[in-house]
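Chain and residue survey
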Amino acid sequence: MTYGKGHTYDFDTVVDRRGTGCVQWDGAAARFGAEGLLPFTISDMDFPSPPQVLDALRERVAHGVFGYTDWRLGDFREAVREWHAKRYGTAVDPERIVYAPSVLSQLSQLLRMWTEPGDGVVVHTPTYDGFHRAVTGLGRRLRGVPVGDREALERELSRPDAKVLVLCSPHNPTGRVWTEGELAETAGLARAHGVAVVSDEIHADLVHDGHRHLPWTRFADGGRWALITSASKAFNFPALTGSYGIIGDPEERAAFVRRLETGEGLASPAVLALTAHIAAYREGAPWLDALRGYVAGNLALLADRLDAAFPGLGWTPPQAGYLAWVDLRPLGVADEVLQRELVERERVAVLPGTVYGAEGFVRVNLGCPRAKAEAGAQALVRALRRRA
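Described in the following lines is the structure provided in the data block. Values in this document were obtained by computation on a predicted structure and should not be read as measured data.

Remarks on the pairing of strand E5 (residues 162–168)
Buried residues dominate E5, accounting for 6 of its 7 residues. Taken together, the 4 bridges between strand E3 (residues 120–125) and E5 define a ladder with parallel strand orientation. From the neighbouring strand, Gly120 faces E5, where its bridge partner is Ala162. Relative to strand E6 (residues 196–200), E5 runs parallel, the two sharing 5 bridges. Bridge pairing links Leu167 to Ser199 in E6. A crossover links E5 with its parallel partner E6, the connecting element being helix H8 (residues 180–192), and its sense is right-handed.

What follows is the structure, encoded as structure tokens:
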């Protein structure tokens, strides 16, 4: 299939992921209590990584030597700098970049640095379940603020024990892209109340046409802040691990690196993660743009099927990502009833909104070939028709 500028990529061919130890396919039976389910769950995609990334990995593997590696050597930081300059028009000082195995490991380390047990950590609701585990697992208090509720945000940030705002930008699970005004206001509130900001931007490269992602680096002005992200989400190589952060204060940055390299024993990164990041950022943009168009087609397909079956639902695709966050409350279908219908009768697995603290919603992963997206959309409509 060809997508602009003569670049041809195949997103329609189905790749059998069963038996590879993947969470989405091989873990579905344990999670949902049934074998043979068609899964639309955890947020990775069913597509192979870009051919440019695969070629770079093959070349690195062919070299055959995988000794200890330093992320500060070679092209990794420069590739990150180039990507942010070209993709977002944002200047990134390579000296501000740090490396870690994952975005969540960065978040956990920053929470250890900037908070104490019992401190408040503010998040937007509904909330990515990884944030919930990281915050509560460290003995911090999770303080939820509904997406778009400015008054609630200020109220929570003004609490004396509020120490960190974890900003998901774009937001997961809703796919919301924050506007420039919203981000500027958030930055102002955080500064006024002395609250550090950790901006998780792992979904940034998946923003759809008509919307624009603005990195937190544009709004940070003193104080404690960090932008944490990875190429693994957009280019689909999370199992290789690897992420990076941009930390503003030099002392905070040095402390972060010191903690990882000494306290965590993570001085040497996975070399293939570095290889994949460099190739993705330097050569993968055409593939990414084609992917975004294909995923937008899957989301539009779901919107069409839902609109035809339930015109009053009014569901519209997200502004970013391949995760459809569908508000089913107007249909009055209980979460547990819908889950039984999907699993037992449709043999389909989707995540209920309760995973993210929101009843009456489902999150459907449409990072998949069109045929699978069609099957999932039809299964959801059939299940809802029987129960709505």
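So, helix H9 (residues 250–263)
A rise of 1.5 Å per residue sets the reference length of H9, with its 14 residues, at 20 Å; its end C-alpha atoms lie 19 Å apart and thus fit the reference within 8%. Tucked inside the fold, the buried residues of H9 contact strand E2 (97–100), helix H5 (103–114) and strand E8 (243–247). You can read the cap of H9 off the contacts: a side-chain oxygen lies 3.0 Å from the backbone nitrogen of Glu251, and it is on Asp249. At the C-terminal side of H9, Gly265 shows a positive phi close to 65°.

Let's talk about the sheet that holds strand E9 (residues 323–327)
Strand order in the open sheet formed by 4 strands is E1-E10-E11-E9, with mixed pairing between adjacent strands. Two strands bound the open sheet, and with one partner strand each, they are strand E1 (38–40) and E9. With strand direction ignored, the average angle separating the axes of adjacent strands in the sheet is 35°. Here E9 pairs with strand E11 (residues 361–365) via 5 bridges, running antiparallel. Note on E11: the bridge partner recorded for Ala324 is Val364.

Observations regarding the packing of helix H11 (residues 285–309) against helix H13 (residues 370–387)
The N-to-C vectors of H11 and H13 enclose an angle of 20°; their axes lie 10 Å apart at closest approach. Regarding the angle of H11 to H13, the classification is roughly parallel. Handedness of the H11/H13 crossing: right-handed. Residues Tyr294, Gly297, Asn298, Leu301, Leu302, Arg305, Leu306 and Ala309 of H11 form the contact with H13, whose participating residues are Arg370, Ala373, Glu374, Ala377, Leu380, Val381, Leu384 and Arg385.

Looking at unusual backbone geometry
Pro126 follows Thr125 through a cis peptide bond whose omega is 0°. Its location among the elements puts Pro126 in the loop between E3 and helix H6 (129–137). Residues Asn172 and Pro173 are joined by a peptide bond in cis, for which omega reads 20°. Unlike most non-glycine residues, Thr241 shows phi in positive territory, near 65°. Structurally, the position occupied by Thr241 is in the loop between strand E7 (225–229) and E8.

Comments concerning the packing of H5 against H9
The contact between H5 and H9 brings their axes to 11 Å, and the two run at 115°. Between H5 and H9 lies a crossing whose hand is right-handed. Every residue of H9 that contacts H5 at Gln106, Gln109, Leu110, Arg112, Met113 and Trp114 is listed here: Glu252, Ala255, Phe256, Arg259 and Leu260. The residue makeup of the contact of H5 with H9, split by class, is 6 nonpolar, 2 polar and 3 charged.

What counts and what doesn't
- Residues numbered from 1 in each chain as written.
- Predicted model: local features only at pLDDT ≥ 70, side-chain atom pairs only at ≥ 80, totals over all residues.
- Heavy atoms only, no water.
- Buried < 20%, exposed > 50% of the residue type's maximum accessible area, 1.4 Å probe, protein only.
- Helix = DSSP H or I, 4+ residues; strand = E, 2+ residues; numbered from the N terminus.
- Pairing = 2+ DSSP bridges.
- Right-handed = clockwise from strand over helix to strand, strands pointing away.
- Expected span 1.5 Å × (residues − 1).
- Contact = heavy atoms within 4.5 Å.
- Polar contact = N/O pair within 3.5 Å; in protein donor to acceptor, adjacent residues only side chain to side chain.
- Axes fitted to C-alpha atoms, helices over the stretch in contact; angles between N-to-C directions.
- Parallel < 35°, antiparallel > 145°, perpendicular 65-115°, else oblique.
- Left-handed = near helix turned anticlockwise from the far one by under 90°.
- Nonpolar A, V, L, I, M, F, W, Y, C, P; charged D, E, K, R; others polar.

By themselves, these are just geometric observations and shouldn't be taken as functional.
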